[in-house]
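# Geometric and topological summary
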Amino acid sequence: MVRRGGWNQGADVTWDFADFPGRFPVTVIEAEKPRRITIEWDAQNAAGSAGTTRTTFAFESLDDDTRTLLTITEASWLATPDGAKSAFGNCEGWTGMLIAMKAWLEHGINLRDGFYC
């Protein structure tokens, strides 16, 4: 994934994924450092009034700042089979992203290197 833009409230960020061609504009709705980031973007099968979905990343310090609990909450999917498919697809995507980030941050291993060749 390639990211362009900052993480301040109101900022427009662009994501570009190797496995989903094209750029995806994302708007930062809330940025409360270091606790929470909420983003919103256009999505198929979204229930939001503007055809958007929202994702919140909430960070909680644990064990005297030795660990961090990250909770990802996504909202605004249609209550239909296609909406469920989109929601579960994004859930898999966030899980893969977190696994790759942890491997890179803690061990210097890029799990996605060569993955999409």
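A few points on the structure. (Residues numbered from 1 in each chain as written. Predicted model: local features only at pLDDT ≥ 70, side-chain atom pairs only at ≥ 80, totals over all residues. Heavy atoms only, no water.)

### Observations regarding the pattern of salt bridges
Definition in use: One side-chain nitrogen of Lys or Arg within 4 Å of one carboxyl oxygen of Asp or Glu is enough to make a salt bridge. Exposure categories follow from relative accessible area, calculated using a 1.4 Å probe and restricted to protein chains: below 20% of the type maximum is buried, above 50% is exposed, and the middle band is partly exposed.
Counted according to the given criterion, the structure contains five salt bridges. Two residues, Glu30 and Arg36, come together in a salt bridge whose shortest N-O distance is 3.8 Å. Under the relative-accessibility criterion, Glu30 is labelled partly exposed at 28%. Between Arg35 and Glu32 there is a salt bridge; the shortest N-O distance is 3.6 Å. With a relative accessible area of 32%, Glu32 lands in the partly exposed category.

### So, the environment of Cys91
Put simply, the test is: Strands are runs of DSSP state E lasting at least 2 residues, helices are runs of H or I lasting at least 4, and numbering of each runs from the N terminus.
Checked against the element boundaries, Cys91 lands in helix H1 (residues 81-107). C-alpha separation for the pair Cys91 and Thr73, spaced 18 residues apart in sequence, amounts to 9.3 Å.

### A look at unusual backbone geometry
The phi torsion of most residues other than glycine is negative, and most of the peptide bonds are trans. In this structure, the amide linkage connecting Lys33 to the following residue, Pro34, adopts the cis form with an omega of -5°. For Pro34, the location among the structural elements is in the loop between strand S3 (23-32) and strand S4 (36-42). With phi around 55°, Asp64 is a residue other than glycine that occupies positive phi space. Mapped onto the elements, Asp64 comes out in the loop between strand S5 (52-62) and strand S6 (67-75). One non-glycine residue, Asp65, adopts positive backbone phi at about 65°. Tracing the sequence through the fold places Asp65 in the loop between S5 and S6.

### What to know about the packing of aromatic side chains
Inclusion rule: Here is the rule: rings of Phe, Tyr and Trp (six-membered ring for Trp) pair when centre to centre is within 6.5 Å. Planes less than 30 degrees apart are stacked, more than 60 are edge-to-face, and the remainder are tilted.
The tally for this structure, following the rule as stated, stands at five aromatic pairs. Measuring from ring centre to ring centre gives 6.3 Å for Trp15 and Trp41, while their planes differ by 50°; the resulting arrangement is tilted. Placement of Trp15 in strand S2 (residues 12-16) and of Trp41 in strand S4 is noted, with a sequence separation of 26 residues between them. Both residues of the pair, Trp15 and Trp41, belong to the buried class. With a centroid separation of 5.2 Å and an interplanar angle of 90°, the aromatic rings of Phe57 and Trp94 are classed as edge-to-face. Remark: Trp94 occurs in helix H1 and Phe57 occurs in strand S5; sequence separation between them is 37 residues.

### Looking at the pairing of S5
What counts, and what does not: Any two strands between which DSSP finds at least two bridges are classified as paired.
Of the strand pairs in this sheet, S4 and S5 are connected by seven bridges, and their pairing is antiparallel. What sits directly across from Glu40, in S5, is Arg54. Once S5 ends, the chain turns through four residues before running back antiparallel as S6, passing Asp63 with a positive phi of about 50°.

This is a description of form; function is not addressed.
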